[in-house]
Amino acid sequence: MWYLRIPDSPVTGTWPSVKIASGTTEDVLAVGDVNGDGLDDIVASDMVNGKTIYWYQNPGTGAGNWTRRTVGDVTDWADRVELVDINGDGRRDIVVSVEKGGCNRGRDVLVPVLWTRRPGVDEALDCDPGAQPTP
């Protein structure tokens, strides 16, 4: 995973590339401030199993090789991710869906999702295939 630094002259200048990390998929990628330091971090999934979600902490220096931190695992290959304030606490949360459809709860088909609060207050929710549908 790389980022291209915008030069002073985007039309005629050279765009330097900076390596953030290796071994990530192109399926799961989100940018936003994960830890509340005012810098945009990156959330991505692991290329080896596609189930492990990481966030890469922006050092704020423009340097590469950002610090990788583990968020958690999902049940199948991670497919999409969003950074959004789910619980209304004013901080972005990480929401991840998986690729293989969903869990069948009676007539409802739900996509398994991992939800984790910003670091320090982690909580994960996932689809339990054995759960009963709610009325």
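Bear in mind that the values here come from a model prediction, so they are computed numbers and not experimental data.

Peer 1: Requested: an account of the overall build of the chain, with residues and values cited.
Peer 2: When you go through the chain residue by residue, the secondary structure sums to 0 helices and 11 strands. Burial analysis of the chain (135 residues in total) assigns 35% to the buried set. Contacts spanning at least 24 positions in sequence make up 32% of the contacts within the chain whose residues lie at least 6 apart. Counting every atom, the chain has about 8100 Å² of accessible surface; 50% of that belongs to carbon and sulfur.

Peer 1: How would you explain the sheet that holds strand E4 (residues 41-46) if you had to name every residue and give the values?
Peer 2: Ordered in space as E3-E4-E5-E6, the 4 strands form an open sheet in which the pairing is antiparallel. The outermost strands of the open sheet, each flanked by one partner alone, are strand E3 (24-32) and strand E6 (67-73). Neighbour-to-neighbour, the strand axes of this sheet turn through a mean angle of 25°, independent of strand direction. As paired elements, E3 and E4 share 5 bridges and run antiparallel to each other. Among the inter-strand pairings, glycine 32 is bridged to a residue of E4, identified as aspartate 41.

Peer 1: Help me get a handle on the pattern of salt bridges, residues and values and all.
Peer 2: Counting across every chain of the model gives 2 salt bridges. Between aspartate 79 and arginine 80 there is a salt bridge whose closest N-O contact spans 3.1 Å. Given the relative accessible area of 18%, aspartate 79 is considered buried.

Peer 1: Provide a residue-level description of unusual backbone geometry, including the pertinent values.
Peer 2: Positive phi is not limited to glycine here, since asparagine 65 has a value of about 50°. Here asparagine 65 is to be found in the loop between strand E5 (52-57) and E6. Judged by its relative accessible area of 60%, asparagine 65 is exposed.

Peer 1: Hey, could you go over the confidence of the model for the chain for me, with residue numbers and the actual values?
Peer 2: Per-residue confidence for the chain averages 78 on the pLDDT scale, and 73% of its residues sit at or above 70. In this model, residues 102-112 is a region of pLDDT below 50 whose contacts with residues beyond four sequence positions or in other chains number 28 contacts.

Peer 1: An account of the packing of aromatic side chains is requested, with residue identities and associated values reported.
Peer 2: Counted by the stated rule, this structure contains 2 aromatic pairs. When the ring of tyrosine 3 is compared with that of tryptophan 66, the centres are 6.3 Å apart and the planes differ by 50°; the resulting orientation is tilted. Taken as a pair, tyrosine 3 in strand E1 (residues 2-4) and tryptophan 66 in the loop between E5 and E6 lie far apart in primary sequence, 63 residues in all. The class for tyrosine 3 is partly exposed, based on a relative accessible area of 23%. With relative accessibility at 10%, the residue tryptophan 66 sits in the buried group. The positively charged end of arginine 68 is found above the aromatic ring belonging to tyrosine 54, 4.0 Å away from the centroid.

Calculation notes
Residues numbered from 1 in each chain as written. Predicted model: local features only at pLDDT ≥ 70, side-chain atom pairs only at ≥ 80, totals over all residues. Heavy atoms only, no water. Helix = DSSP H or I, 4+ residues; strand = E, 2+ residues; numbered from the N terminus. Buried < 20%, exposed > 50% of the residue type's maximum accessible area, 1.4 Å probe, protein only. Contact = heavy atoms within 4.5 Å. Areas by Shrake-Rupley, 256 points an atom, 1.4 Å probe, with all protein chains shown as cover. Pairing = 2+ DSSP bridges. Axes fitted to C-alpha atoms, helices over the stretch in contact; angles between N-to-C directions. Salt bridge = Lys/Arg side-chain N within 4 Å of Asp/Glu carboxyl O. pLDDT = per-residue confidence, 0-100. Phe/Tyr/Trp six-rings, centres within 6.5 Å; stacked < 30°, edge-to-face > 60°. Lys NZ or Arg CZ within 6 Å of the ring centre and 35° of its normal.

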